[in-house]
Amino acid sequence: MRLELGALSALAAMTYGAPTVSAQTAVWDSGARPVIVTFSYTAELVQNADGGARRGATFPGAAGVQLTLLLRRLVGWRGARIFVFALGTHGGAPGDLVGDVQGVSNLEAPAAMRLEELWLQQNLLGNRLSWLVGRYDLNTEFYRLQSGALFVNSSFGIGPEFAQSGRAGPSIFPNTAVGTRVDFKPSPNVVWRAAVLDGVPVGRPEGGTRLFAPGDGVLLVGEMALLSRPDTVGEPRQRRFRIGRGPARSYRGKVALGAWYFTARFPDLVATLPNGASVQHRGSGGAYLIGDQTVWSPRRGRPGTLAAFAQLGLGDGRVNQIGGYLGGGLTFTAPFPSRAQDVLGLAVAAARNGSRYELAQMAAGDPAAGETTMELTYLAELGSWLSLQPDVQYVIHPGGKRSTRNAVVLGLRVAVSH
């Protein structure tokens, strides 16, 4: 057994109305041992310095252990691997202080120990075809951009129009679901992928655990991605595992178009039947378009790159608060000659309320407005196992409500891995 140096990445989450904790650790090299174990811990001191719901500070964190079993080396099963990800989260909820809808910290999650992922993957046709089955975080592959992963706000990991859909969100950090995913690579820089997952995460919102219960429906997700990079057909699927995404870029450009659809029934936010019950809609879906491009590199032999990314998402405003999302930003690797591993980032995330939600808020006497967050962050690599990331966010109309004062949120994140 070998312990690989890695680093935490999240997710997200990640991010999310929840976030994304996942990985970009190079444990898939051809000389890897049969069993690979990686540990990481990320924590962040978050202070709502002004505005929002109320002032205060909290300290969310996530500790993760990943176990990879390379079955070819263990039992001679070519192209197969088993992956296990156990996760423990702690701390308060920064969103309760800010009152925002997008999530100022992609580490925010209920305090608990959980099995985040457990899956078997089989690669075929020289790794051009990949099939996965088990408990799976779809944001490790879908709706994912390298540059966006630098930022702390959840929306830069996965747009809120998707992250806050369904009964309890899609299968992302911190609540994942069971299902299957297929990837196909028809040419070196084109990837088609699709997934079918339980419509409700394993950890159900009402408590307890059940798989594919009546009424859950399923979540269908598809994505086509075009990339500019060397052919990586010989490399198995990589995983993010670090808050500090790191300066190494596996592609110079990416454009991806995706769509998602829940098959269950969902109540309308406003419309009711004559008996007062909410109108039920069969199905709920949306689509997204994302892009990431290195726009400048220095002369050969000198560090530093400038990359730009953008996200556009359309959700279902009939049954969800967020009907649309637009985000984007810039990242600058090696902003100082002596700090070749550091990354500076500036980004903006704008979540637009759906028309039904705005009608409901108007009827309640609390007019709605879109929530926009600006984030400035700096990732400092202090060693192969340690990174430090100061962060500041300015949230306009937290929660998508005009009645809540704009918030100033300060953060300091620390990530360690081994």
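Residues numbered from 1 in each chain as written. Predicted model: local features only at pLDDT ≥ 70, side-chain atom pairs only at ≥ 80, totals over all residues. Heavy atoms only, no water.

Trainee: Would you take a moment to explain the pattern of salt bridges for this structure?
Mentor: If the charged atoms of two oppositely charged side chains come close together, the side chains can form a pair. For the coordinates displayed, the defined rule picks out 12 salt bridges. One salt bridge connects aspartate 50 with arginine 405, and the closest N-O pair in it is separated by 3.2 Å. Within this pair, whereas aspartate 50 is found in strand S4 (residues 35-50), its partner arginine 405 is found in the loop between strand S19 (386-396) and strand S20 (407-417), the two being separated by 355 residues in sequence. Assessed through its relative accessible area of 26%, aspartate 50 is described here as partly exposed. Note on arginine 405: relative accessible area 53%, which makes it exposed. Between aspartate 183 and arginine 193 there is a salt bridge, with its nearest N and O atoms 3.2 Å apart. Separated by 10 residues along the polypeptide, aspartate 183 in strand S10 (residues 177-187) and arginine 193 in strand S11 (residues 190-198) bring together distant segments of the chain. Residues aspartate 183 and arginine 193 agree in their burial class; the two are buried. (Salt bridge = Lys/Arg side-chain N within 4 Å of Asp/Glu carboxyl O. Helix = DSSP H or I, 4+ residues; strand = E, 2+ residues; numbered from the N terminus. Buried < 20%, exposed > 50% of the residue type's maximum accessible area, 1.4 Å probe, protein only.)

Trainee: Is there a simple way to think about unusual backbone geometry in this case?
Mentor: Along the chain, phenylalanine 173 connects to proline 174 via a cis peptide bond; the corresponding omega equals 0°. Its place among the elements puts proline 174 in the loop between helix H3 (160-163) and S10. Positive phi values are uncommon outside glycine, yet tyrosine 143 reaches one of about 55°. Tracing the chain through its elements places tyrosine 143 in the loop between strand S9 (129-136) and H3. Classification of tyrosine 143 as buried rests on a relative accessible area of 1%.

Trainee: Help me understand the pairing of S20, please; the structure alone is not making it clear to me.
Mentor: Two faces, one strand: in a regular strand the side chains alternate between the faces of the sheet. Every second residue of S20 is oriented toward a common face, the buried set being Ala407, Val409, Gly411, Arg413, Ala415 and Ser417 and the non-buried set Val408, Leu410, Leu412, Val414 and Val416. Here S4 runs beside S20; their pairing, made up of 10 bridges, is antiparallel. Pairing of aspartate 50 across the sheet is with valine 408, part of S20. (Pairing = 2+ DSSP bridges.)

Trainee: How should a nonpolar patch on the surface be read in this particular structure?
Mentor: Where nonpolar side chains cluster on the molecular surface, the patch consists of Leu124, Leu125, Phe184, Trp192, Met224, Leu226, Val255, Leu257, Leu289, Leu312 and Leu326 and spans about 1,000 Å² of accessible area. Elements that contribute at least two residues to the nonpolar patch include exactly strand S12 (218-228) and strand S13 (253-272). Counting through the fold element by element, leucine 257 comes out in strand S13. (Patch = residues over 30% accessible without salt bridge, like charges linked within 9 Å, V, L, I, M, F, W, Y side chains within 5 Å. Areas by Shrake-Rupley, 256 points an atom, 1.4 Å probe, with all protein chains shown as cover.)

Trainee: Please explain the nonpolar core as it appears in this structure.
Mentor: Among the nonpolar cores identified, the biggest contains 43 residues, and Leu138, Phe162 and Leu219 are the most heavily contacted of them. Among the elements of the structure, strand S7 (80-90), S9, H3, S11, S12, S13, strand S14 (278-296) and strand S17 (343-353) are those that each provide at least two residues to this core. With 5 residues, the single largest contributor to this core is S13. For leucine 138, the contacting residues outside a window of four places in its chain are Ile158, Phe162, Pro170, Ser171, Ile172, Leu197, Leu219 and Val221. If you look at the next biggest cluster of nonpolar residues, it comprises 6 residues, including Val104, Val395, Ala407 and Val409. (Core = buried A, V, L, I, M, F, W, Y, C linked by side-chain atoms within 4.5 Å. Contact = heavy atoms within 4.5 Å.)

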